[in-house]
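For reference, the chains in residue letters:
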Amino acid sequence: MTNSPYLLSNEQLINVFNLTKTATAIHVGESAIIQSANDEMLAIWGKDRTVIGKTLEDALPELKGQPFIAMFKRVWNEGLVISGSDTAADLLVGGELKTFYFDFEYRAVKDDSGKVICILHSAIDVTERVLNREVLDQAKEKEELLRREQILNEELAAANEELSATNEELQQTQENLAQLNNALEDRVAERIKDLQSSNEKYQALNEEFSALNEEQAATVEELSSANEELGYSEERFRSLIRQAPVGICVIRASDLMIQEVNDGYLELVGRRREELENRTIWEAVAEAAESYAPVMHEVIETGVAFVAKEHEVELIRDGKPERVFVDFVYEPVKNSQGTVTSIMVVGIEVSDKVIARQSIADVEERIRLAVEAAEIGTFDFDYKTNSMVTSERFNVIFGVEHGITREDFLVAIHPDDQHLSTEAHALARQSGKMFYEARLIHPDDSLHWMRVQANVYFNEKGEPVRLLGTLLDITEFKRLQQQKDDFISIASHELKTPITSLKASLQLLERMKDKPSATLLPRLIDQSGRSMEKISSLVEDLLNVSRMNEGQIKLTKSVFKVADLINDCCNHVRIEGKHELIFEGDPELSVLADEHRIDQVVVNLVNNVVKYAPDSKPIWLIVSKEDGMAKISVKDMGPGIAPQKIPHLFDRYYRVDDEGNQVSGLGLGLYISADIVARHGGKIGVTSELGKGSTFWFTLPIA
């Protein structure tokens, strides 16, 4: 086999490398000297080609203090691969230091001795994806916080209104009592003055004293009633805490003693009531102190509430450590002077919600991987806006770029098949299901087949609103289907010819059975024999394919000399005398193989030369040793094989003469030969040049 004349030079390889759309660079040395970088990588760096030949640190001084230079050094020294996803990097682009995010890989490239010769650096800018995800997460978090804050504000507002009303009643009572006391003092002073001035008024003064005593008693009774109402209000507040649907714990700010706790909070922290009452919060829930004691202290000092969403916490619940997810609030409660007097902790466990969301994400990821593995394209069509959202695979199958309209997709359908899409849409509006197959014409004018399956989703009025579906490239399936149809046609023709000849010979023999012709009879018998051999050969090929598909071909291996097999096979070619079989190579080379099956392979290759290169009188059978394997080659000087046909030579039913006019056969010989060689652990192939002949070869393990 000769080397290809189309091998690229180093400069051409670098030019091709620079055309890749993925940002890629090649570095050498421990200091990551830039040997080459394509335009995409230079765009990411914000540099031009003057950086070629510089170290990475000299070319991008802003990387100092970032981990990437150290990564390059490690990849060079240790010969490994370092990659990352959504990794932040600060780059000086356009004179401004900005933060970008990348999916990257630093891969050590080694020579045959295992020595690192360079580092292949590839990167994909995913900044937009990361920022969009962060914005979405922040929006969702803000929305949930606002909802929870609204609920808590409403509950706290109701409690504050009750407390405010009670405080106002108490304050009014105290003011009334003070007014009564002042009035009483004034009256007593007046009465004493009057008593001193006139003993005659003594009796009247005593009567007034009695009246004042009665008023004071009434005032005391009012004060007692106000205190009772205050007690009732406090009890209502405690009842509100106990009956709240979330966990609530009230903690005194001065010493962190637990003042009130409801069953919801006990269930949340997995404690009994006696384990929390008359204790400080961090004595009762010691496992959370390290993380959250500083947070509570900050709330007491600043008076600013702390809100936590889906915090993962390890709690000792019922004596066992559990990792749970909790939404909670440290809400400061202040007196009239604005001093924080207590902390109200409101919490609810959301482990089920978080785990369910993670499970949904896992399922979505598995579905995505399954769709990608099956190379299925997906699409979402909105009937209302006439817009489509398509996957990358969908666009590849259509041979179009992302972001085009539905009309642009329809234009890609073969003109003779465009009505199929219209008819399928009309039927889908009625049945809710869509299925059709059609041809596509890519921008390079290549023809492809697609299969569309989809479901229609209707609104409450029965109107179609969305169409969700999948797209599958069935070009190869259609090619194989056409190949199968062609095979059936060829097989019918190939079997019909010898059967017709055999039938004619038998009819002539039937007519002359009473008066046989001495000259015609041997010819008819010989012709019948050849027809039967042809039929037997065709049937044997079909049976071999069937056995191969069912795994029924068994190998009976033995050690034999390849030269002996070649000398004993293909006698029919030698007897016919039209071709000369020439042996070349090692006559002593032995292999461990099934001699009968290998004979079948050699005979098939020689028969192909006879059929497809009838003018090549010499046929070389060459035996050599190559890479620890025995290599058997069959060489001719025939017309050669077109390059575009070589990749399909060993496919089932494939015939080089696809018109079927020149030679006979089912297109199974090379397919069967390839399977036999593969079962021996060998390889099979061909080299050919138009006008100079072909060399078919295969390898076998040496004995």
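Anything mentioned here points back to the structure above.
Quick caveat: nothing in here was measured; it's all calculated off a predicted structure. (Residues numbered from 1 in each chain as written. Predicted model: local features only at pLDDT ≥ 70, side-chain atom pairs only at ≥ 80, totals over all residues. Heavy atoms only, no water.)

A. Local environment of the state of the cysteines. One pass over the full model with this rule turns up 0 disulfides. Cysteine Cys 570 remains unbridged, with the sulfur of Cys 569 as its closest cysteine sulfur at 3.4 Å. (Disulfide = S-S within 2.5 Å.)

B. Representation of the pairing of strand 2 (residues 33-37). Examined bridge by bridge, strand 1 (residues 23-28) and strand 2 share 4 bridges and lie antiparallel to one another. Its bridge partner being in strand 2, Val 28 is matched across the sheet by Ile 33. Taken together, strand 1 and the strand that follows it, strand 2, pair antiparallel across an intervening segment of 4 residues, in which Gly 29 is found at a positive phi of about 85°. (Pairing = 2+ DSSP bridges. Helix = DSSP H or I, 4+ residues; strand = E, 2+ residues; numbered from the N terminus.)

C. Quick look at the sheet that holds strand 7 (residues 258-261). The 5 strands lie next to each other as 7-6-10-9-8, forming an open sheet whose pairing is antiparallel. Two strands in the sheet have a free side with no partner beyond their single neighbour: strand 7 and strand 8 (306-317). The mean angle between the axes of side-by-side strands here comes to 30°, regardless of whether they run parallel or antiparallel. (Axes fitted to C-alpha atoms, helices over the stretch in contact; angles between N-to-C directions.)

D. Layout of the nonpolar core. In this structure, Cys 570, Ile 598, Val 602, Val 606, Leu 649, Phe 696 and Phe 698 are the most contacted members of the largest nonpolar core, which totals 41 residues. Elements that contribute at least two residues to this core include exactly helix 16 (562-568), strand 18 (590-593), helix 18 (595-612), strand 19 (618-626), strand 20 (629-635), helix 19 (669-679), strand 21 (684-689) and strand 22 (693-701). With 7 residues, helix 18 is the largest single contributor of residues to this core. Look past the residues within four positions of Cys 570 in its chain and what remains in contact with it is Leu 581, Val 602, Val 603 and Val 606. Within the second largest apolar cluster, 30 residues are counted, among which are Val 261, Leu 268, Met 296 and Val 345. (Core = buried A, V, L, I, M, F, W, Y, C linked by side-chain atoms within 4.5 Å. Buried < 20%, exposed > 50% of the residue type's maximum accessible area, 1.4 Å probe, protein only. Contact = heavy atoms within 4.5 Å.)

E. Geometry of the side chain of Asn 604. Note on placement: Asn 604 falls in helix 18. Given a relative accessible area of 16%, Asn 604 falls into the buried group. Apart from residues no more than four positions distant in its own chain, Asn 604 is found in contact with Gly 669, Leu 670 and Ser 673.

F. Representation of the pattern of salt bridges. Summed over the entire model, instances satisfying the criterion amount to 31 salt bridges. Two residues, Arg 133 and Asp 86, come together in a salt bridge whose shortest N-O distance is 2.7 Å. Taken together, the residues span a long stretch of sequence, with Arg 133 in helix 5 (residues 127-197) and Asp 86 in strand 3 (residues 81-93) at a distance of 47 residues. On the basis of relative accessible area, Arg 133 is assigned to the partly exposed category, the value being 36%. With relative accessibility at 26%, the residue Asp 86 sits in the partly exposed group. One continuous salt-bridge network, built from bridges that share partners, spans Asp 86, Asp 103, Arg 129 and Arg 133. (Salt bridge = Lys/Arg side-chain N within 4 Å of Asp/Glu carboxyl O.)

G. Inspection of the packing of aromatic side chains at higher detail. Under the criterion given, the structure shown has 14 aromatic pairs. On the numbers, 6.1 Å between centres and 85° between planes, the contact of Phe 68 with Phe 104 is edge-to-face. Of the two residues, Phe 68 sits in helix 4 (residues 68-78) while Phe 104 sits in strand 4 (residues 96-110), which places them 36 residues apart along the sequence. Phe 104 carries the same exposure label as Phe 68, and that label is buried. Consider the rings of Phe 398 and Phe 409, whose centres lie 5.1 Å apart with planes at 75°: the pair is edge-to-face. You can see Phe 398 sitting in helix 11 (residues 392-398) and its partner Phe 409 sitting in helix 12 (residues 406-411), a full 11 residues away along the chain. Across the ring face of Phe 477, the terminal group of Arg 451 is positioned such that the distance to the ring centre comes to 5.6 Å. In this arrangement the basic side chain of Lys 635 is found over the ring face of Trp 620, its NZ or CZ atom lying 5.6 Å from the centre. (Phe/Tyr/Trp six-rings, centres within 6.5 Å; stacked < 30°, edge-to-face > 60°. Lys NZ or Arg CZ within 6 Å of the ring centre and 35° of its normal.)

H. Structural detail: the sheet that holds strand 2. Pairing is antiparallel across the open sheet formed by 5 strands, whose spatial order is 2-1-5-4-3. In this open sheet, the two strands that pair with only one neighbour each are strand 2 and strand 3. Strand-to-strand, the axes of this sheet are offset by a mean angle of 35°, without reference to chain direction. The strands that helix 1 (residues 10-18) touches are strand 1 and strand 2; relative to strand 2, the one it contacts most, it runs at about 80°.

I. Main features of helix 4. All buried positions along helix 4 are accounted for by Phe 68, Met 71, Phe 72 and Val 75. Projected down its long axis, helix 4 carries its buried residues within an arc of 100°, all on one side. Taken together, the buried residues of helix 4 touch strand 1, helix 3 (56-59), strand 3, strand 4 and strand 5 (116-125). (Arc of directions from axis to C-beta.)

J. Representation of helix 13 (residues 418-431) in the model. Helix length check: helix 13 (14 residues) gives 20 Å between terminal C-alpha atoms against 20 Å at 1.5 Å per residue, within 8%. Every buried residue belonging to helix 13 is among Ser 421, Ala 424, His 425 and Ala 428, and all of these are buried. Each buried residue of helix 13 lies within a common arc of 100° when the element is viewed along its axis, so the set occupies one face. Away from its buried face by more than 90 degrees, helix 13 exposes Thr 422, Leu 427 and Gln 430. Backbone geometry just after helix 13 places Gly 432 at a positive phi near 85°. (Expected span 1.5 Å × (residues − 1).)

K. Region of the structure containing the packing of helix 18 against helix 19. Contact geometry for helix 18 and helix 19: axes closest at 10 Å, N-to-C directions at 145°. The handedness of the crossing between helix 18 and helix 19 is left-handed. On helix 19, the residues that touch Arg 597, Ile 598, Gln 600, Val 601, Asn 604, Leu 605 and Asn 608 of helix 18 are Gly 669, Leu 670, Ile 672, Ser 673, Ile 676 and Val 677. Of the residues assigned to the contact of helix 18 with helix 19, the class counts are 7 nonpolar, 5 polar and 1 charged. (Left-handed = near helix turned anticlockwise from the far one by under 90°. Nonpolar A, V, L, I, M, F, W, Y, C, P; charged D, E, K, R; others polar.)

L. Expanded view of empty space enclosed by the protein. Applying the stated criterion to the full structure yields 4 cavities of 30 Å³ or more. Considering the residues around the largest cavity, the lining is formed by 16 residues, among which Tyr 265, Val 269, Ala 288, Phe 328 and Tyr 330 are closest to the centre. Of all the elements in the fold, those that place two or more residues in the lining of the largest cavity are helix 7 (263-269), helix 8 (281-284), helix 9 (289-302), strand 8, strand 9 (320-334) and strand 10 (340-349). A class-by-class count of the residues in the lining of the largest cavity yields 15 nonpolar, 1 polar and no charged. (1 Å grid on protein atoms, 1.4 Å probe; cavity = no way out; pocket = protein on both sides within 12 Å on 5 of 7 lines; lining within 4 Å. Points joined across faces, edges and corners; volume = space filled by probe spheres on them.)

M. Summary view of the side chain of Asp 103. As for its placement among the helices and strands, Asp 103 is situated in strand 4. Ignoring sequence-local partners within four residues, the contact set of Asp 103 consists of Gly 84, Ser 85, Asp 86, Ser 122, Ala 123, Ile 124, Val 126 and Arg 129.

N. Region of the structure containing unusual backbone geometry. Despite not being glycine, Leu 256 has its phi angle at roughly 60°, a positive value. With respect to the helices, strands and loops of the structure, Leu 256 is situated in the loop between strand 6 (247-252) and strand 7. For Glu 310, which is not glycine, the phi dihedral falls at a positive 55°. With respect to the helices and strands, Glu 310 occurs in strand 8.

O. Structural context of a nonpolar patch on the surface. The grouping of Leu 8, Leu 13 and Val 16 at the surface amounts to a nonpolar patch, some 250 Å² of accessible area in total. Its location among the elements puts Val 16 in helix 1. Accessibility expressed as a relative area gives 45% for Val 16, which makes it partly exposed. (Patch = residues over 30% accessible without salt bridge, like charges linked within 9 Å, V, L, I, M, F, W, Y side chains within 5 Å. Areas by Shrake-Rupley, 256 points an atom, 1.4 Å probe, with all protein chains shown as cover.)

P. Main features of the pairing of strand 6. Across the 6 residues of strand 6, 5 count as buried, placing the element largely inside the fold. In the sheet, strand 6 pairs with strand 10 via 6 bridges, with the strands oriented antiparallel. For Ile 248, the partnering residue across the bridge sits in strand 10 and is Val 346. Pairing between strand 6 and strand 7: 3 bridges, direction antiparallel. Within the sheet, the bridge partner assigned to Val 250 lies in strand 7 and is Glu 260. Linking strand 6 to strand 7, which pair antiparallel, is a turn of 5 residues; within it Leu 256 sits at a positive phi near 60°.

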